[in-house]
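Descriptive structure summary
Listed here are the chains, written in short residue letters.
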Amino acid sequence: MASIRDVAAAAGVSYQTVSRVLNDSPRVREETRRQVVEAMQRLGFRPNRAARALGLGRAKAVTVVTSNTTLYGYAMTLQGIEESAREQGLTVAVRVVESAADAHVVQAVEYVSDPSAGGVVVVAFDAEGVEVLRRLPGDVPGVAAIEPGVVAGSGRTSICLDERLAAADATRHLLGLGHRTVHHVAIPSESGTGGRAAGWRQALEEAWAEIPDVVAAGWDAPSAYEAGRRLAADPGVTAILCGNDDTALAVRRALYDLGRDVPGDVSLVGFDDVPGSAYWTPSLTTVRMDFAGLGRACLLALVAELAGEPVPEPALASPHLVVRESTAAPRR
């Protein structure tokens, strides 16, 4: 497909001039307007929301919509967006959506619908982000960082890390050590149909292993600790996959308090590979996730959309299991 820059080159004008023509700006001479229209017709160019975004000045700024700025995955995705935006000469703003309640979602959508908000990156790892993504108007240029399986708005560019495959690999690792099954303590964003729970379940099904009930935890340490106590009280539990490393830390404490040794009695696997996980006692086996790369890929995709260019193939490091001291064969 022809881009705005292709039209500009064919007409012998700047792409800003093409954008002004698309938005019926009075600042374009009739002769120039005619040249641009003729170039569009020759190239088969069709206006889209990216062209309108340029005309409104959206290409100079980026607003990130997220429900959280402190959790590791969210924070590192935001860092990747900011680093890439800085290289592109773009300013970055952050809009936190407080909950998935209708009023909070509407406020966030209205905020980013204003042209001064620039292009939009939605961090849709949870219900809040997904709702904003679904309600984002079609003429607002936007890209989403999502979980596998999330259905984005029509025509939206959405980029994800294959955490489903990574969760399956982590589960297979535990089964391969000789554990009969693997229990799962899930974080809110994926306690239902998300990628981590789905990969865990897939690996158990493929191995014809028992599929225990998912134990749901919140984002907070106390709820993960309580989930850990439930599992620690069951002597049949010998392997646990946690939704993230913070959850694994709380579960580890619960196991310790109930006299269950890691990895002697229970093998433990986390997710995300937070910087301190290699220095726990024992060091945590976990899945390394390229959240910063995800953020950079989203920003570059948005820049391409704003310029009317094809979205580049994301350059992401695949999630992979990092085996450390917290997993071992079960005691016989």
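Above: the structure in question.
What you see is a predicted model; the values in this text were computed from it and never measured.

As for the side chain of R252
Along the chain, R252 turns up in helix α11 (residues 245-257). The side chain of R252 is buried and forms no salt bridge, while D261, the nearest opposite charge, is found at 5.4 Å. Setting aside residues no more than four positions away along its own chain, R252 makes contact with V262, L268, T281 and P282.

Examining the pattern of salt bridges
Applying the stated criterion across every chain, the model contains 18 salt bridges. Residues E206 and R172 are paired through a salt bridge, measuring 3.0 Å at the closest nitrogen-oxygen approach. Of this pair, E206 sits in helix α9 (residues 195-206) while R172 sits in helix α8 (residues 163-176), and the two are 34 residues apart along the sequence. Judged by its relative accessible area of 46%, E206 is partly exposed. For R172, a relative accessible area of 32% corresponds to the partly exposed category. Where R196 meets D272, a salt bridge forms, and the shortest distance between an N and an O atom there is 3.1 Å. With a gap of 76 residues between them, R196 in helix α9 and D272 in the loop between β9 (267-269) and β10 (286-288) connect regions that are remote in the sequence. The two residues R196 and D272 agree in class, both being buried. Salt bridges here are not isolated pairs; linked through shared partners, they connect D102, E131, R134 and R135.

How each quantity is defined
Residues numbered from 1 in each chain as written. Predicted model: local features only at pLDDT ≥ 70, side-chain atom pairs only at ≥ 80, totals over all residues. Heavy atoms only, no water. Helix = DSSP H or I, 4+ residues; strand = E, 2+ residues; numbered from the N terminus. Buried < 20%, exposed > 50% of the residue type's maximum accessible area, 1.4 Å probe, protein only. Lys, Arg positive; Asp, Glu negative; His and termini not counted. Salt bridge = Lys/Arg side-chain N within 4 Å of Asp/Glu carboxyl O. Contact = heavy atoms within 4.5 Å.

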